[in-house]
Amino acid sequence: MALVLYDTWSRTVRPFTPLQPEHVGLYGCGPTVYDHAHIGNLRTYVFEDVLRRVLALNGYNVRHVVNITDVGHLVSDADDGEDKMEKGSRRAGESAWLIAERYTQAFMADWRALNLLEPTVWCRATDHLAEQIAFIVDLEHKGYTYPTSDGIYFDTSKQDDYGYLACLDRAGLQAGKRIALGEKRHITDFALWKFSPADVTRQMEWDSPWGRGFPGWHIECSAMAERYLGAWFDIHCGGEDHIAVHHNNEIAQTQARHGTRLANFWMHGHFLTLDAGKMSKSSGDFLRLQSLVDRGVDPLAYRYLCLSAHYRSELRFNDEALAAAQSALDRLRRTYVSWPAGGAADESYLARFAAEVNQDLNLPRALAVMWEMVRSDLPDAARRATLDRFDAVLGLGLADWQPQAVDVPPEIVALAEQRQQARAAKDWARADELRDALRSAGWQIEDSVTGVSIKPVDKAQ
């Protein structure tokens, strides 16, 4: 089945065809590095990683760009308040530059722990000031900007279709606004460049044709996406919270400069929710990936949990769901390593799996195909080879996993030896009695052609 993807712009699932044969440009909005990412943020990156793997499955060479926002993202999407980097600096009592580097490295550690493929390009906003300033200069020459006392703003009234991505009711927003516009002409206008306040010393500021200051959040992504992928590329991704403001504004800027909507497909992952509601850093109730690790959870169990729900559906996070994901991953790993290598993958199952992931990344149905194959009567070597091919999309790292060595107490070894002696003497009743005694003690015996192994009882069984 040919690959079809949901496009937020057209609001349809439509066939994917790259703009250039065999090559795909993919941009993902990365983190604002003023704090740790929470697991709701990370769900979006798992979705984007699966998308990249599915594109590769279909034979495409993917150029994947992810940005690091280390300046310019204000605490309010309405361009109010302070820069999140400055806020994080004040909270920690350290420089904004140090905060940015610390949380960038923490984010990349989370990225690796979830087995996300390394992007082709990581790009930091502070490394691309020249591109951002040139972009704004071009918008100014085309008549899309106006100055205020606190910055240079984009005039959204110049575009009849502004807000199309999010179905914004511009007239309703303007008529029903409950906040002061200040010097903004329209409620939807947004900052391209912010001036440094006269009475505040900023740590991150630069000279520009309009005065000393710093770039707006939206111009960063438009400029960096264009720098590495061009003004018209294949797919732009992000979380659903980016639709209403950030991605609308990216599109507006690029339409004004180049006459394109920047990306042919706009794709968005939906929220992860706790029982108490949507996760957010601002409410102080967010969970880090490290929080799960500290509780003994494998990061890839969280990845498995993300795969269990469609990326465009809400995923409810709770301890029961996470435990079930950990159990399923443990079972899959143990089964995989018990099978011999060297087999040939089953083409029928591969085709069924590909058909599901090509249907707008339907991972829940793809997982169902996987478990059907695992329980099938295919030869073990063929099942392992087929699972290897599945895992190129699932990204669970099955081939890299090794069971931990277990120290078996001497008294348990002695019971196992007595059982072997009973079996050799064909005293089956005694052998069964010893097997039950071992299980009551928390251990199980596994007999195979290569010998006998002693393992802790699998509590998931």
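Details of the structure are given in the entry above.
> Can you explain the sheet that holds strand β8 (residues 190-195)? Please cite residues and give values.
In spatial order, the strands read β6-β7-β8-β9; together these 4 strands make up an open sheet with antiparallel pairing. Where the open sheet ends on each side, the last strands, each with one partner, are β6 (145-148) and β9 (213-215). Sheet twist, expressed as the average angle between the axes of neighbouring strands with direction ignored, equals 25°. Set on the sheet, helix α7 (residues 243-258) makes contact with β7 (151-154) and β8; between it and β8 the angle comes to about 90°.

> Before we move on, can you summarise the environment of L57 with the specific residues and values?
Mapped onto the fold, L57 is located in helix α1 (residues 39-57). The exposure class assigned to L57 is partly exposed, which follows from its relative accessible area of 44%. With 111 residues separating them in the primary sequence, L57 and L168 have C-alpha atoms 36 Å apart.

> Can you break down unusual backbone geometry residue by residue, with the values?
The general pattern is negative phi for most residues beyond glycine and trans for most peptide bonds. Positioned with a positive phi, E22 is a non-glycine residue whose angle comes to about 70°. Mapped onto the fold, E22 is located in the loop between β2 (12-15) and β3 (23-28). One non-glycine residue, L262, lies in the positive phi region at around 80°. Relative to the helices and strands, L262 is located in strand β11 (residues 262-269). A relative accessible area of 0% means that L262 is categorised as buried.

> I'd like a rundown of the nonpolar core, residues and numbers included.
Core analysis: the largest hydrophobic core is formed by 120 residues, its most contacted members being I235, M267 and Y302. Of the residues forming this core, the biggest block, 9 residues, is contributed by α1. In this view, Y302 contacts I39, G40, L42, R43, L114, L272, L289, L292, F317 and L322; residues no more than four positions away in its chain are not counted. In terms of nonpolar packing, the next biggest core, distinct from the first, is built from 5 residues, I412, A416, L438 and W443 among them.

Calculation notes
Residues numbered from 1 in each chain as written. Predicted model: local features only at pLDDT ≥ 70, side-chain atom pairs only at ≥ 80, totals over all residues. Heavy atoms only, no water. Pairing = 2+ DSSP bridges. Helix = DSSP H or I, 4+ residues; strand = E, 2+ residues; numbered from the N terminus. Axes fitted to C-alpha atoms, helices over the stretch in contact; angles between N-to-C directions. Contact = heavy atoms within 4.5 Å. Buried < 20%, exposed > 50% of the residue type's maximum accessible area, 1.4 Å probe, protein only. Core = buried A, V, L, I, M, F, W, Y, C linked by side-chain atoms within 4.5 Å.

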